[in-house]
Amino acid sequence: MSDPEPRAGTTASGAPSEDPDRDGRARLIAALRRPGSRGQLAAGALLAVLGFAAVVQVQSNSRDATYVGARQDELIALINGLSLASQRAENEMTRLAQTRNSLLTDTEARRTALERARQLADERGILAGTLAAVGPGVRVSIEDESGAVGAGNVINGIQELRDAGAEAIEINDMVRVVAQTSVRDLEEGGVVIDRTRLTAPYVIEAIGSSPTLSGGLQIARGFAYEIQRVGGTVDIKELETVEIDSVREPASTEYAEPVPTE
Amino acid sequence: MIAGLGLVLGVLLGLILQPSVPIWLQPYLPIAVVAALDAVFGALRAFLDGIFDDKVFVVSFVSNVLIAGMIVYLGDQLGVGGQLSTGVIVVLGIRIFSNVAAIRRHLFHA
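Residues numbered from 1 in each chain as written. Chains lettered and ligands numbered in written order. Predicted model: local features only at pLDDT ≥ 70, side-chain atom pairs only at ≥ 80, totals over all residues. Heavy atoms only, no water.

> Would you mind showing me how to read the overall build of chain B here?
Of regular secondary structure, chain B possesses four helices and zero strands. Written out in order from the N terminus, the α and β elements of chain B read α-α-α-α. For chain B, restricting intrachain contacts to residue pairs at least 6 apart in sequence, the fraction spanning at least 24 positions comes to 72%. For chain B, the accessible surface area stands at approximately 6,000 Å², while carbon and sulfur atoms represent 78% of it. (Helix = DSSP H or I, 4+ residues; strand = E, 2+ residues; numbered from the N terminus. Contact = heavy atoms within 4.5 Å. Areas by Shrake-Rupley, 256 points an atom, 1.4 Å probe, with all protein chains shown as cover.)

Right under this line is the structure:
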């Protein structure tokens, strides 16, 4: 760039453009007014190339996704970062799945234990007489015109039913027979069972295998025979469903405690 | 005047054609554009100084672009392409700033 502007501009308006001492601004304005010297043509061509390239670059830059034109090492770093992230995410996923499985197992085990405990509580409740019960069984009606049927006969009947596998026994829809049940005679007739006074006719209901129960009651020289011998009548019905509604308060132990299991 | 027209023509061509940059050119085009800008501002400054020469302009324009592209290519081969293109941009940016300062002094006397 050592030369002053060459004589190219002299063709048209002559002198002013050649003056090297002239103000740069005036020279620029003059060049803008006046079309083409050779220098302007060259500059124009190159500026066209520049404008074209710049626009193309700007457009490709704004059109591109982020990664086009990225260098190899940049891409590798990106991929490494991504695979690290995905690995972390996978680890996290595995951990969470394990947690979830263990929670599921826990819940399942707890539910099973609960189910089992509830079932046990139901069975115990029926056997202990704290729950009402329903099921197949027998209804034994005892008529006693002569007043001769007493505690002995009732106890006999209860024993026979228990032997035959009765799971719940009730007398006159009022008294639930349990392990602690006591029966005694009254002077004026009738019996007292667990502090409840009962008189004939007695109705004993028992849940269990009905043929076995009725068989047990009708055993030779057994319950039925004894009652008929003292002048009463016995009617035994085998039923599909016997309902036992009377319950008793659960007995709490005062002295006995369960033996701790290891 | 023709120079200004050429610039406008180039921009219009780029806008109308909307060509996509070929893959092999992609790392070099931005550097080349910046280098060409440097040459253009240098030429404008020389013009205002009254020492503009079209041959010098053409040579400086082409050589600027070529050298910038070569430096980036070399950097890519050496594995420091990113850093080296940043360096080139910085240097060209400094030159553009100083040229523009001189141009400003000419045009606004300030």
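What follows continues from the structure just given.
> I tried to follow the interface of chain A and chain B on my own but got confused; where do I start?
Put simply, an interface is often sized by how much accessible area is lost when its parts join up. Contacts between chain A and chain B engage 43 residues on the former and 47 residues on the latter. Both sides of the chain A and chain B interface together cover about 3,900 Å² of buried area, and 68% of this is carbon and sulfur. Across the chain A-chain B interface, the total number found is zero residue pairs in polar contact (both at pLDDT 80 or more). Counting residues per element, the ones that place at least two in the side of chain A that touches chain B are α1 (24-33) and α2 (38-63) of chain A. Per element, the largest residue contribution to the side of chain A that touches chain B is 21 residues, and it comes from α2 of chain A. In terms of residue class, the side of chain A that touches chain B is made up of 20 nonpolar, 11 polar and 12 charged. (Buried area = accessible area lost by both parts, 1.4 Å probe. Polar contact = N/O pair within 3.5 Å; in protein donor to acceptor, adjacent residues only side chain to side chain. Nonpolar A, V, L, I, M, F, W, Y, C, P; charged D, E, K, R; others polar.)

> Would you mind showing me how to read the pairing of strand β7 (residues 202-207) of chain A here?
Put simply, side chains in a regular strand alternate between the two faces of the sheet. Residues and elements named next belong to chain A. Among the six residues of β7, five are classified as buried, and the element is accordingly described as predominantly covered. Where strand β1 (residues 133-143) and β7 come together, six bridges link them in antiparallel fashion. Considered in β7, the bridge of R139 is made with E205. Here four bridges tie strand β2 (residues 168-171) to β7, and the two strands are oriented antiparallel to one another. Along β7, the bridge assignment pairs A168 with I207. (Buried < 20%, exposed > 50% of the residue type's maximum accessible area, 1.4 Å probe, protein only. Pairing = 2+ DSSP bridges.)

> I'm lost on the pattern of salt bridges in this one. Help?
Residues and elements named next belong to chain A. Following the criterion strictly, the structure yields nine salt bridges over all chains and no others. The salt bridge partner of R95 is E92, with a shortest N-O separation of 3.1 Å. Separated by three residues within a single helix, R95 and E92 lie in helix α3 (residues 72-128), roughly one turn from each other. Looking at E92, the relative accessible area reads 38%, which means it is partly exposed. (Salt bridge = Lys/Arg side-chain N within 4 Å of Asp/Glu carboxyl O.)

> Sorry, what's going on with the packing of aromatic side chains here?
What describes a pair of aromatic rings is the distance from one ring centre to the other and the angle between the planes of the rings. Residue and element names in this part refer to chain B. Counting across every chain of the model gives three aromatic pairs over all chains. Here the aromatic rings of F52 and F57 are separated by 5.9 Å at their centres, their planes lie at 50 degrees, and the arrangement is tilted. Through a chain of ring-to-ring contacts, three or more aromatic side chains come together here, namely F47, F52, F57 and F61. (Phe/Tyr/Trp six-rings, centres within 6.5 Å; stacked < 30°, edge-to-face > 60°.)

> What is the right way to look at a nonpolar patch on the surface in this model?
Residues and elements named next belong to chain B. A cluster of nonpolar side chains, contributed by V8, L9, L12, L13, L15, I16 and L17, occupies part of the molecular surface with about 670 Å² of accessible area. Checked against the element boundaries, I16 lands in helix α1 (residues 2-17). Of the residues examined, I16 reaches a relative accessible area of 65% and is grouped as exposed. (Patch = residues over 30% accessible without salt bridge, like charges linked within 9 Å, V, L, I, M, F, W, Y side chains within 5 Å.)

> Where do I start with the confidence of the model for chain A in this structure?
As a note on interpretation, predicted positions should not be read in detail where pLDDT is low. Averaged over every residue, the pLDDT of chain A is 81; the share at 70 or more is 88%. Of all helices and strands in chain A, the one with the weakest mean pLDDT is α1 of chain A (75), whereas α3 of chain A scores best (92). (pLDDT = per-residue confidence, 0-100.)

> So what exactly am I meant to see when it comes to the sheet that holds strand β6 (residues 196-198) of chain A here?
Residues and elements named next belong to chain A. Spatially, three strands are ordered β4-β5-β6 in an open sheet, and the strand pairing comes out antiparallel. Whereas interior strands pair on both sides, the edge strands pair on one side only; in this sheet they are β4 (183-185) and β6. Put simply, the sheet's adjacent strands are angled 30 degrees from each other on average, direction ignored. Where strand β5 (residues 191-193) and β6 come together, three bridges link them in antiparallel fashion. Bridging from a neighbouring strand, V192 pairs with R197 of β6. (Axes fitted to C-alpha atoms, helices over the stretch in contact; angles between N-to-C directions.)

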